[in-house]
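Descriptive analysis of the structure
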Amino acid sequence: MAHPMKLSLALLLCVVGACVARNSEFSIVGYSEEDLSSHDRIVELFERWLAKHQKAYASFEEKLHRFEVFKDNLKHIDEINREVTSYWLGLNEFADLTHEEFKAAYLGLSPPPARRSSSSRSFRYEDINAGDLPKSVDWRKKGAVTDVKNQGQCGSCWAFSTVAAVEGINAIMTGNLTALSEQELIDCSVDGNNGCNGGMMDYAFSYIASSGGLHTEEAYPYLMEEGSCGDGKKSESEAVAISGYEDVPANDEQSLIKALAHQPISVAIEASGRHFQFYSGGVYDGPCGAQLDHGVAAVGYGSDKGKGHDYIVVKNSWGDKWGEKGYIRMKRGTGKGEGLCGINKMASYPTKDN
Ligand SMILES: *[C@@H]1O[C@H](CO)[C@@H](O)[C@H](O)[C@H]1NC(C)=O
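Residues numbered from 1 in each chain as written. Predicted model: local features only at pLDDT ≥ 70, side-chain atom pairs only at ≥ 80, totals over all residues. Heavy atoms only, no water.

1. A few points about the packing of aromatic side chains
With the rule as written, the count across this model stands at 20 aromatic pairs. Ring plane angle 50° and centroid distance 4.8 Å describe the contact between F94 and Y106, whose orientation is recorded as tilted. Of this pair, F94 sits in the loop between β1 (87–89) and α5 (99–106) while Y106 sits in helix α5, and the two are 12 residues apart along the sequence. Residue class for F94 comes out buried when judged on its relative accessible area of 2%. Exposure remark for Y106: the relative accessible area of 9% places this residue in the buried category. Ring centres of Y279 and Y284 lie 6.2 Å apart, and the angle between their planes is 80°; on these two criteria the pair is classed as edge-to-face. Classification of Y279 by relative accessible area gives buried; the value is 0%. Judged by relative accessible area, Y284 falls into the buried class, the value being 0%. Connected via pairs of aromatic rings, a cluster forms that spans Y87, F94, F102, Y106, F276, Y279, Y284, W318 and W322. The ring of Y327 has R140 sitting right over it, with the charged end atom 4.4 Å from the ring centre. Above the face of the Y311 ring, R329 is positioned so that its terminal group lies 5.0 Å from the ring centre. (Phe/Tyr/Trp six-rings, centres within 6.5 Å; stacked < 30°, edge-to-face > 60°. Helix = DSSP H or I, 4+ residues; strand = E, 2+ residues; numbered from the N terminus. Buried < 20%, exposed > 50% of the residue type's maximum accessible area, 1.4 Å probe, protein only. Lys NZ or Arg CZ within 6 Å of the ring centre and 35° of its normal.)

2. Describing unusual backbone geometry
Looking along the chain, the bond that leaves G286 and enters P287 is cis, with omega of 10°. Counting through the fold element by element, P287 comes out in the loop between β5 (279–284) and β6 (294–304). Backbone geometry at K325 places phi at a positive 55°, although glycine is not the residue there. Among the structural elements, K325 can be located in the loop between β7 (309–315) and β8 (327–331). The backbone of C341 sits at a positive phi, close to 60°, despite the residue not being glycine. Summarising the element assignment, C341 is placed in the loop between β8 and β9 (348–351).

3. Comments concerning helix α9 (residues 253–260)
Where burial is concerned, most of α9 is hidden: seven out of the eight residues are buried. Taken residue by residue, α9 has E253, S255, L256, I257, K258, A259 and L260 as its buried positions. Buried residues in α9 make contact with β2 (137–138), β4 (265–269), β6, β7 and β9. (Contact = heavy atoms within 4.5 Å.)

4. Overview of helix α6 (residues 157–174)
Because each turn of an α-helix spans 3.6 residues, side chains separated by three or four positions end up pointing in the same direction. Over its 18 residues, α6 runs 26 Å from end to end, which matches the ideal 26 Å to within 8%, given 1.5 Å per residue. Of all 18 residues making up α6, 15 are buried, and the element is well covered by its neighbours. (Expected span 1.5 Å × (residues − 1).)

5. Description of the site of the ligand
Within the structure, the ligand sits among N176, T178, T216, E238 and V240. With respect to the ligand, the side chain of N176 contributes an N or O atom lying 2.4 Å from an oxygen atom. At 3.4 Å from an oxygen atom of the ligand is found a side-chain nitrogen or oxygen belonging to T178. Residue composition of the shell around the ligand, grouped by class: one nonpolar, three polar and one charged. (Near = heavy atom within 4 Å. Polar contact = N/O pair within 3.5 Å; in protein donor to acceptor, adjacent residues only side chain to side chain. Nonpolar A, V, L, I, M, F, W, Y, C, P; charged D, E, K, R; others polar.)

6. Points about the nonpolar core
By size, the foremost hydrophobic cluster in this structure holds 69 residues, and its most contacted members are L91, I265, F276, W318 and M330. Counting 28 residues, the second largest nonpolar core, distinct from the first, contains C157, V166, L292 and M346. (Core = buried A, V, L, I, M, F, W, Y, C linked by side-chain atoms within 4.5 Å.)

7. Description of the environment of G175
Among the secondary structure elements, G175 is positioned in the loop between α6 and α7 (182–188). A C-alpha to C-alpha distance of 8.4 Å links G175 and A144, two positions 31 residues apart in sequence.

8. Let's talk about the pattern of salt bridges
Tallied over the full model, the rule gives 22 salt bridges. In this structure, the salt-bridge partner of D353 is R124, at a minimum N-O distance of 3.2 Å. Separated by 229 residues along the polypeptide, D353 in the segment after β9 and R124 in the loop between α5 and β2 bring together distant segments of the chain. Residue classification places R124 among the partly exposed positions, given a relative accessible area of 39%. (Salt bridge = Lys/Arg side-chain N within 4 Å of Asp/Glu carboxyl O.)

Right, dumping it as structure tokens:
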């Protein structure tokens, strides 16, 4: 019992210290100063968290183990919230998972050693004058982004990233915003992709362009596991086709913004940092490296006027309880070519010509 004692003590000392910031954000971060004031209060907090997220464990031993993990995460979250000002972490539904468990379950990008040659494809937004770009763009407000989805414990982020970009260009070109099927990609896009064990957005675009298109989410619903191609299809729907895809020139944020001003873009990032697991809001500015391991979709950009932070709005696939209703604002203009968490390294988008 030495460890719990030590932990409560450490938290208690923090409360005695001058740490009264973020009063208004308690509802977002999921705990208050008082919750950290004693072991009993942390137990109560854990029970409330269990009820809120409808968690149940198979045994009492498992519950005890999860409580230890929860406490360790809580300590981490609170430490970071005291240190960092531009964003904050919270007790979200991942608070009973160790960071190793989280990384193993919720990512799923497997970048090849090098991009497949893209010499045959061009970058259609190359000649856009940067000075003509709007100061901010939000594809959610323009009806080109579907509701946030949840990949669950399957390394299928690549499929969600792909589908978000296809839903976007389809909405822009046809005016019809329809949720499309990730499951179809998991089951059928197997050239280079590996279902719940990872994949790449470019391979998925290539599959969609050559297969005639993707069916709707409703017709081919998500199962969170691999199936055989076509088996998961519940009903017929018209397939949404694309013409092909193009890569955004790597490590060039200006190019990414040019493309993003025209459509939602598939991007890859390093999301395996522990801060990502608990990100709950604000403009994220690290820490993270650029070892790409997660596929997401950039759906806008803008600036936080008060704080002078420029950011890219990113749609994740970890449900709408994570981050800012499922989204994260990631700092741009970091001065590094690869961008924050490598976001400028491997961006691409589907094309749909009429
Ligand atoms: C929108 O597209 C989907 C998929 O192709 C189709 O099933 C649906 O009927 C379309 N809706 C409208 C209003 O055209």
